[in-house]
Each structure stands twice: as structure tokens, then as C-alpha cells.
Amino acid sequence: MNLAFRNAVQGGDDKPKLPGSLHVNRRLDQWLSIQPGGTVTITPGKVELGQGIITALAQIAAEELDVALPRLVVRPASTPGSPDEAVTSGSLSVQESGMAIRHACAEARAIFVGVAAQKTGVPREDIAVQDGDFVAPDGRVLGSYWSMADAALLAVEATPGDRAKPASARRIAGTSAPRLDLPAKIFGQPRFVHDMRLPGMMHARMVRPAARGATLAALRDGPLPGGATIFRDGSVLAALATQEHHAEAAAARLAARASWDAADTLPEEHAIEAWMDSAPREDSIVLERSAETPAPARRIARRFFRPFITHGSIGTSCAVATWTGDTVEIWCHSQGIYNLRADLTKALRMPADNIILHHVEGAGCYGHNGADDVALDAALIARAHPGTPIRVLWSRAEELAWGPASPAMIVDVAAEAEADGTLLRWSQQVLSNGHSGRPGRGALPTLLAASMMADGFPVPPAINPPLAGGGGAQRNAVPPYRVPALKVDMARITAMPLRTSALRGLGALVNVWAIESVMDELAAQAAEDPLAHRLRHLDDARSRDVLSRAARMADWPNRQKRDGIGMGLAVSRYKGSGAWCAAVAEIEAGERIRCKRLWLAADVGEVVNPDGSLNQIEGGAIQATSLCLLEAVRHDARNVTSDSWETYPILRFTDVPRVQAELIARPEAPPLGAGECSLGPVIAAIANAIADALGVRVTRWPFTPENIARAMDDA
Amino acid sequence: MSVSFTLNGAAVAAPIEDEAPLLAALRGPLGLSGTRYGCGAEQCGACLVLVDGQPAYSCTLHSGVVAGRSVTTVEGLGTPEAPHPLQTAFLELQAGQCGFCLSGILLRASVLLRDKPAPTEDDVRAALDPHLCRCGSHNRIIRAVLRAAAIGQPA
């Protein structure tokens, strides 16, 4: 979903290995520049999504350059100048961007100190850097980054070699520096792309078809408010006006006047599982390990089902576009502006050099929402109005119903064990649509309007990245436990009635839920404590560490059986290669399930900003609680019907669990990213807590009274 | 066609129809973008403002309704130079992630602290229940409101 994805698909190259994204963006001046006025500008290709990445990257840069953090300016990514770091996703930004910036800044420091040494005769190893000043042992200031600022010094390729500080010497990276972007958001200052106001700008609202795949048949004439006008390109329909509320009112009128050639294209909601079982598919083996195993004393076979879910950003997707001559300039909150540009070249049938993209922050996206789609919407409308900036804002209904959804999933697990619960054999079969419909990866554009415009493109089915790139549906489908015989298969459904793509955690959410439920059930059958059962099946010390820590935080051994209360635990290493996280959940089973408390222990390797990491880990946990207790995309045969917060409810303040989260410090270890590691374990821990309280395994998502009643009927 | 009212303490006249949502007046002709569009249906709280000190959803409220009245937006709550205790506390506790929900939450919390200067945690949760946060910053937000209450209390 990121460079890791690209490398997994394209393979490596012969160049000397450089850290993170520096390997593919090798010039130092792609990453930083010194301003004579006393600031350093860093120019990462990763973008702020509300996860705090720009602060962490600034900390890393300040650390290696030895300048105070307030001197750092982080320029948002834009084409063509910013390094191409593919997509800001997969909990990889510190690994890919952070390690590039660490290395680039360490080398920049060495270059500047070398010049100071050459000019003054003071040996370079004797020169200290103090907030950007180069200081001799006798206290003389020999110069500074600012006095020596010369772009030519950094107009060079980075070289291999480890110049970065040892962990023990870090003073800025590793501290809880406050977020650089948060003050503007707390004082209501313009910061989001939604807040952009360009001279002469017009507002547009899209009018969506009456059904998936429907085409616009006719549009009745009639007056529109506020001098609003109509944009139409094939079945892409919009209203635009100088005032935003006029565009909104005009779009509502157009929707009432439009008639569509529509047909049933979606499986009925109640029949989704049967549809998945019979849909065209592409099978693959994820991992297979044969072993002769004795006849099992215990066998568990469970099917876990999760419906489509969606991102639910609080701010709706938005973009501004201006067409000047043969060039379009777009401001948007895409997670990957170069990938988006690649799809815009296809959809707009124009060269990449004529498309300029700027990242401007949006609301949290939690994966691939409508951020890329709305950029094409804006570009299409702006093309019809040369010279006029066009701002498109999606409605709440569009955000919930027309952005990509995370695919419905079925995970079938069959496990065999000895009488004491010791695993012998495990098979896991994952079935879903692809988890990535991100732009920039295939021959066809994946953007919404690309399939609706005149002379448009068929919608390419979403893919699953290879496991080496993090995987999609198969993410975390390989259990972390010692088991002699193992078979993990994946089937990707190649028909795609609902557009699907990446949502925080991808397949890990369902796979971890499935694995940890079956482990729990095996422990229960063997009358073994679920903690002990897991610990003795885990060879990986860091997995055991987070699990033991979370259990200790929750005082797991001393938990009391209380009526209507359940406790459950779970552990996972995200992607099998990322951060470790364990969760303990306490739930109350009344008329509905309420998650009351969560205890989380995580190991994210080196922590650049502990408070920021904890914020991400807790945020992921609360979002996971919402996802598994409440969320399902509702639809009929024609459309998504859960297009408001009433029909797609998410967790509210009175239902939010109290969360205690801790990080296991590993300052010497490589950083692993914190953003997604807690979701799978939290969902699994909640499911296990439900089993603890009610004695029933919930195998259908969301964990609503209806689905729990169904599990009781099946039991 | 103009609606006159007091906005963050200053007299303004918005050239907009009476029926236009107040949100459109604020973000459009009045140029204050701190008030957010989230759902247009009073279901998320992102657009919350105060009208004569009472919470109101600016996404559905007609501009004409506030004629002659006093409207407070997040920009009127405080500034970096003179922050409201809530803004101080939210910064201290880094209570937010993407921040899109915060304008409405800050205004709602200001009403809570005005009416109930020493709220319990459950009071804060109940007061903020009409507001959605998708990033999962809820517990930090709750702690920040309680911290702001403590700042506002005599020692």
C-alpha cells in the first residue's frame, strides 16, 4: 500500500541499499533544505492524516541535524517536487519516510560540518552542532546551517553508511513532542482542504445515480437556485454555483429531475454469504506446511463472517481543481498523490507533467476513502470551466455510500489438537473481494468517476497485495502459533458489485478475530487458561511479552467471574512483520454488548513519539470496538442504503470503553508503525469476552443482539 | 438580502438568504471556516455553534433565525494568544487526532463547563454524546474537558 507494496510487486534494483524511501528518492535535496532565515524545511512524500506523522518526521530531522524542533517546517507533499513515497498507509511511514529523513539529515549534518571544518581548520570530529550552530571546542561559533545555507551542498545523492545517532544519544526523537498541526485544529484556523478559498472559486456538488452502474438517461429542465449551472460528462452529473448552499440545493433538484437506466447489480443483503460462496473467484495458496500428525482428540471448525464496512470519515471528501491552459492543478487529501496522478493521466487522457497535485489535510480517512475519487470529480468539472477553481465537497450520503468499502469476508478455520489443546493442524481459508482498489497500480483507473464519464473505463476488480507487501485479505491469516501442519488459502472474488478497497488493518481484522476465537475455544475445551494456552504456543518472545504485559495490566489471573460480565484476550503481530499488540477486553452483556474497558500492550520497536503512538493505538482500539459492535454497510439490490449516521451508526461517547495502553520500550529496535496494530487484537478480545460472559462464540459481525441470538441458536 | 447578527462579539451582516443554513453564512460570506460540515442532519455535531449561548446545529439552522442574536463559533472561543481553558487543556493533553470534530466538541464542552463547572466523567460523556469522533480520541477529549474544569476551579 506503499513502497513496501511496490517493492514486493516490482522487485528490487542493483543500487546500493539506502534506508526507507531514500532508496528510490536518492538526492538529499528531495528531503530537506536549509533556509538562511534559520529554519529547515523537510519535504516528505508521506502525508498527515491526523495520525501525527509530520511531527514524528520533524522530530527525527531535528534530532539528526541537532536543531531545535521549532526550526522545522514540514512542507506538505506535492508533485512533481516531493519524493514519491507511494501511499501513506500500512503503518509504514516511520519506516519508509522516517528512516529516509533520518539518514538524509545525518548526512546533511556531516556535509555541513565538513565544510565548516574545511573553512576553519577545526577538525570535523571536534565540531559540535548546537541548535544549528557549529561550535569549536573553545566555544567559538564557526558558522551555522543558516550562514552556510547553499542549495548546492545538498544537491547530491545520499551515500550508504550509518551516520545517524545511536539510540542512547537521541534527545528529540523518542519524546512526546506536541503535534505541529493540532493548534490550528483546536483554534479553528484554516488547515483542511475544505477551508481553501481561491479567488473566483465555485462550489460543486455531485448527483449520484439511482443505482450502482446506472446510466443517466434523461434530465428534465427546470430552474436552479443561485444561478447554479449543470455539469455533465456521461453519467457524471453535478451542480455548481458561486455559493456553496446554492450548489447543494441545485444538486438536490437535479437529483429529482434525473432519470437513470438502472438495474439490480448487488446481491441482496441477506444473501451476501451465499453470493460470496458462489461468486467467480481466483484461488491461491498463502502458506502450506505438511506434517504427519497423530489422530486429533479435538476438532474445531468455525466460519466467521463479516459484512462490508466503511471508513466513516467525519469530514467528507473534498478537492479543489483549477484548469489553466492544458494543465490542471488539484488540491486534495489523497494518501498517495503520485499514485493518484497515475490514474488521473489515464482517466483524463493527458500526460503526468500536466497534472499538479498538492496534498492538503483532510479529516481522518483510515484507509482508502473517497479522497482520490473527489479529485477526479473536481478535475472533470474544472476542465469544463477553464480558469475557475472548482471545489467539490461530497455529501454525507456520498461519503458513506459511494466511497470504496472494505469487503465482506468469510474466514473458515479448522483446527485439530491433542486432548490438552496442543495444536496439531490448522487450516484457514479466506474469501473476499480484493482489499486494494487504490489508484496507480493497474492499467485501468480505479477512480469512481472514471467508470461513469463518457468514454469511461470498466471498474477493475480490487486486488490483494502480496504477503511480502503486507497482504490484503490474507493479512494475518497465518496464525502466529506453533502448529505442525498448516494450510492457509485465499480466494479473491473477482466480481465486484460494490467497489472495495483498503480500510485500516485490511484482512487482519477478520483473520485475527477468527484465529484468536478458535484458540480461545480450544483452550476452553481443554479447560486451560486462555493466556497459558497462547503462551505455550508462542515461540516469538515479543508476542509473549505484549500478551503477558496486557494480562498483567488487566490483573488477568485474579479476574472474578461476574454475572453478565466477560473478559477476553488476544494477541497479534500486525502483518506478521509489524508491531506487536495484545488486548484484554471487559464487556458487559446486557440488552446489547458494551465494551467497558480495554487494556493494551504494544511493542512498536523504536518509538519516535510515545504520546503519538499511544494516541494511535488507543484510537485504533476504540475504532475497532465501534467496527465490531455496530458496523455493517447496509444495501439492497441497487444501492448502499446505510448512507447516514442513523443507518451507519458508530460508537458514541457514552459507549466508549476506558482504555489503558502501554508501550514496551525497544529504543534500539527498528521502528514498526503504530497505527493499525491494535484493531485485530481488540476485536478478538471483545469476541472472546462475549464468549466468556455468555458461553457462545459470536461468528457473525457486528456483535449485535441479533447476531448473538443467532450464535446461540446455532450452538 | 442580508442577515445581521453578532458574531463572536462583533456586529456582522451576512449577504445571504434567510433560508440559507447558518453554516453556509459562516463558511461563505463571513469567511470563518472553523465550523465544519459533517453530515447536514444534526447527527455528528461537527457544525455546532452557540446561539445566545445555547448549542445549535448550524448545518440545519436557517440564517434568518439568528438575526439580532449572538453567535459564537470556535474562532470566538479563544485564540492562540488568549486561549479558552478548554483549548489550553486540549493542547496540553493532545486531545485529538485529525481534529475535524473538535470545533463542535469544544463549543459543546464550553456550555457544559458554564452550566456545571465541576462535571463528573459521566457528565462529560453524556454532554458529548451528540458528537462523533472517528479517530478514537474520546478518552483524551473527556480528560481534557475535566482538566479544563480543574483549571477553571479556584485552587
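Cut-offs applied
Residues numbered from 1 in each chain as written. Chains lettered and ligands numbered in written order. Predicted model: local features only at pLDDT ≥ 70, side-chain atom pairs only at ≥ 80, totals over all residues. Heavy atoms only, no water. Salt bridge = Lys/Arg side-chain N within 4 Å of Asp/Glu carboxyl O. Buried < 20%, exposed > 50% of the residue type's maximum accessible area, 1.4 Å probe, protein only. Helix = DSSP H or I, 4+ residues; strand = E, 2+ residues; numbered from the N terminus. Pairing = 2+ DSSP bridges. Axes fitted to C-alpha atoms, helices over the stretch in contact; angles between N-to-C directions. 1 Å grid on protein atoms, 1.4 Å probe; cavity = no way out; pocket = protein on both sides within 12 Å on 5 of 7 lines; lining within 4 Å. Points joined across faces, edges and corners; volume = space filled by probe spheres on them. Nonpolar A, V, L, I, M, F, W, Y, C, P; charged D, E, K, R; others polar. Contact = heavy atoms within 4.5 Å. Polar contact = N/O pair within 3.5 Å; in protein donor to acceptor, adjacent residues only side chain to side chain.

Under an unreviewed UniProt entry, the name given to chain B is Nicotinate dehydrogenase subunit A, and the organism recorded is Falsiroseomonas stagni DSM 19981.

An unreviewed UniProt entry annotates chain A as CO or xanthine dehydrogenase, Mo-binding subunit of Falsiroseomonas stagni DSM 19981.

Trainee: In this structure, what is going on with the pattern of salt bridges? I would like to understand it.
Mentor: Between side chains of opposite charge, a pair can form as their charged atoms come close. Counted under the stated rule, the structure contains 62 salt bridges over all chains. D138(A) is the partner of R140(A) in a salt bridge, and the nearest nitrogen-oxygen pair spans 3.0 Å. Taking relative accessible area as the criterion, R140(A) reaches 45% and is therefore assigned partly exposed. The residue R36(B) makes a salt bridge to D195(A) at a minimum N-O spacing of 3.3 Å. One end of the pair, R36(B), is in the loop between α1 (22-27) and β3 (48-51); the other, D195(A), is in the loop between α4 (182-186) and β7 (202-207), on a second chain.

Trainee: Honestly, the sheet that holds strand β1 (residues 3-7) of chain B in this entry has me stumped. Any pointers?
Mentor: Sheet strands associate in pairs through backbone hydrogen bonding, adopting either a parallel or an antiparallel arrangement. Residues and elements named next belong to chain B. Strand order across the open sheet formed by five strands is β2-β1-β5-β3-β4, with mixed pairing between neighbours. Pairing within the sheet leaves two strands with one partner each, and these edge strands are β2 (10-14) and β4 (54-57). Direction aside, the axes of adjacent strands within the sheet are offset by 40 degrees on average. One ladder, built from two bridges, connects β3 with strand β5 (residues 70-72); its direction is antiparallel.

Trainee: Is there a simple way to think about empty space enclosed by the protein in this case?
Mentor: Where empty space is left in the structure can be found by rolling a water-sized probe over the atoms. Residues and elements named next belong to chain A. A complete count under the given rule lists seven cavities of 30 Å³ or more for this structure. In this model, the largest cavity occupies a volume close to 730 Å³. Taken together, 46 residues form the lining of the largest cavity, with Q51, S91, Q616, A674 and G675 sitting closest to its centre. For the lining of the largest cavity, the secondary structure elements donating two or more residues are α2 (53-65), α3 (93-120) and α13 (610-630). The dominant element in the lining of the largest cavity, judged by the number of residues it contributes, is α13, at five residues. A class-by-class count of the residues in the lining of the largest cavity yields 19 nonpolar, 20 polar and seven charged.

Trainee: I keep staring at the interface of chain A and chain B and nothing clicks. Help me out?
Mentor: Many analyses report the size of an interface as the accessible area lost when the parts associate. With 58 residues of chain A at the contact, the number on the chain B side is 56 residues. Our count for the chain A to chain B interface comes out at six salt bridges. Residue R658(A) pairs with D122(B) through a salt bridge whose shortest N-O separation is 3.8 Å. Joining chain A to chain B, the criterion identifies 33 residue pairs in polar contact (both at pLDDT 80 or more). For the side of chain A that touches chain B, the secondary structure elements donating two or more residues are α4, α5 (244-257), β17 (390-393), α13 and β24 (658-663) of chain A. Per-element tally for the side of chain A that touches chain B: the top contributor is α13(A), with 10 residues. Residue composition of the side of chain A that touches chain B, grouped by class: 24 nonpolar, 21 polar and 13 charged.

Trainee: In this structure, what is going on with the sheet that holds strand β3 (residues 72-74) of chain A? I would like to understand it.
Mentor: All names here are of chain A. The strand order across the open sheet formed by three strands is β1-β2-β3, and the pairing between neighbours is mixed. In this open sheet, the two strands that pair with only one neighbour each are β1 (32-35) and β3. Put simply, the sheet's adjacent strands are angled 25 degrees from each other on average, direction ignored. Judged from the four bridges that link them, β1 and strand β2 (residues 39-42) form a sheet pairing that is antiparallel. Within β2, the position partnered with L32 by the bridge is I42.

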